[in-house]
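# Survey of secondary and tertiary structure
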Amino acid sequence: MQTDQLLQRALNFEFLSIEEGMHLFETVPTTELMAVARALRMKQRPEKIVSWIIDRNVNTTNVCIANCKFCNFFRKPGHADAYITTSDQYKEKIEETCRLGGEQLLLQGGHHPDLGLSFYVDLFKELKSLYPDLKLHSLGPPEIAHITKLEKSTHTGSSEGINGCRGWIHCREPVRKY
Ligand code: SF4
């Protein structure tokens, strides 16, 4: 594959195939990909304004069966410190966040063996009905994979964004290593 041509196509906002994306991922230095990403960004937002929002990380549960070896957060099902965040706790945290100018909740948690799709759909519905303006940035790729496994299906609820912060867990190597 011609790397330069692929990068040029990306710069022209053309979609690349999975194979082409993998080729770039495996062969192009990160700094070069960053330069392309920045060029694309500047095409769309040339005014050089960077903005941000205030959000709050809230854990849905600390119960997890993934057993990542580096994790000091999770508790096994049945552990005395295991918890599932309650509605009242969400309300308290959300209202505190809003008082401080926050507008988004980043929801993530462990891979609970009993919390399937309906739990998250109900949770998102409840939070959105109580706080319609609140943005839900919910569930990382590993959680979605876990829920999908529980449900043996390929779709999940109505989050407004997927957390990227734990995408690295998809990489098996560090999970096994640490
Ligand atoms: S999936 Fe998350 S909570 Fe579970 S063990 Fe791994 S890092 Fe910890």
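For the structure itself, look to the data block above.
In short, a report on the structure. The residue count restarts for each chain, going from 1 along the sequence in the order it is written. Two thresholds apply to this predicted model, a pLDDT of at least 70 for residue-level local features and 80 or more for giving and counting side-chain atom pairs, whereas whole-chain, interface and lining totals are computed over all residues.

Looking now at the nonpolar core. Formed by Leu105, Leu107, Tyr120, Leu123, Leu127, Leu136, Leu139 and Ile147, the largest nonpolar core amounts to eight residues. Contributions of two or more residues to this core are made by strand E2 (104–108) and helix H5 (117–130). Runs of E in the DSSP output that reach at least two residues are strands. Runs of H or I that reach at least four are helices, and both are numbered from the N terminus. Tallying contributions element by element places H5 first for this core, with three residues. The nonpolar core is taken to be a set of buried Ala, Val, Leu, Ile, Met, Phe, Trp, Tyr and Cys residues joined by way of C-beta atoms within 7 Å. Here a residue counts as buried when 20 or more other C-beta atoms fall within 10 Å of its C-beta, as exposed when 12 or fewer do, and as partly exposed in between; the C-beta atoms come from the backbone.

Mapping leucine 107 onto the fold places it in strand E2. Contact between residues is assigned whenever the C-beta positions, reconstructed from backbone atoms, fall within 7 Å. Setting aside residues up to four positions removed in sequence, leucine 107 forms contacts with Val58, Thr60, Leu136, Ser138 and Leu139.

The next point concerns the pairing of strand E3 (residues 135–138). Pairing analysis gives four bridges linking E2 to E3, with the strands arranged parallel. Residue pairing for E3: leucine 107 is matched across the bridge by serine 138. Note on handedness: a clockwise path from strand one over the helix to strand two, with the strands aimed away from the viewer, defines a right-handed crossover. You can see the chain leave E2, run along H5 and come back into E3, and the turn it takes is right-handed. Strand pairing is defined by DSSP finding a minimum of two bridges between the two strands.

Nearness is defined per residue: the C-beta atom, placed using the backbone, must lie within 6 Å of the molecule or strand. In the vicinity of the ligand, the contacting residues are Cys64, Ala66, Asn67, Cys68, Cys71, Phe73, Phe74, Gly110, His111 and Pro142. Amino acid classes used here: Ala, Val, Leu, Ile, Met, Phe, Trp, Tyr, Cys and Pro are nonpolar; Asp, Glu, Lys and Arg are charged; the rest, including Gly, are polar. In terms of residue class, the shell around the ligand is built from seven nonpolar, three polar and no charged.

This part covers the packing of helix H1 (residues 3–11) against helix H3 (residues 30–44). To define axes, lines are fitted to C-alpha atoms, for helices over the stretch in contact only, and angles between the resulting N-to-C directions are given on a 0 to 180 degree scale. Relative orientation of the contacting elements H1 and H3 amounts to 25°, with a least axis distance of 10 Å. With respect to H3, the axis of H1 lies roughly parallel. Between H1 and H3 the crossing geometry is right-handed. For the pair H1 and H3, contact is made by Leu7, Ala10 and Leu11 and by Val36, Ala39 and Leu40, respectively. Looking at the contact of H1 with H3 residue by residue, the classes come out as six nonpolar, no polar and no charged. The cut-offs work like this: below 35 degrees is roughly parallel, past 145 is roughly antiparallel, 65 to 115 is roughly perpendicular, and the gaps in between are oblique. Crossings are assigned a handedness: left-handed for a near helix turned anticlockwise from the far helix by less than a right angle, right-handed for a clockwise turn.

Looking now at H5. Relative to the 20 Å expected for 14 residues at 1.5 Å per residue, H5 spans 20 Å between its end C-alpha atoms, a close match to the ideal helical length. Within H5, burial applies to Tyr120, Leu123 and Leu127. Mapping the buried residues of H5 onto a view down its axis gives an arc of 60°, with all of them on the same face. Exposed positions of H5 whose direction lies more than 90 degrees from the buried face are Ser118, Asp122, Lys125 and Ser129. Against helix H4 (87–99), E3 and helix H6 (141–151) lie the buried residues of H5. In this analysis, the expected span of each helix is defined as 1.5 Å times one less than the number of residues it contains. Arc definition: directions from the helix axis to the C-beta atoms.

Relative to E2, strand E1 (residues 55–59) runs parallel, the two sharing five bridges. Residue pairing in the sheet places asparagine 57 in a bridge with leucine 106 of E2. With H4 bridging E1 and its parallel neighbour E2, the resulting β-α-β unit is right-handed.

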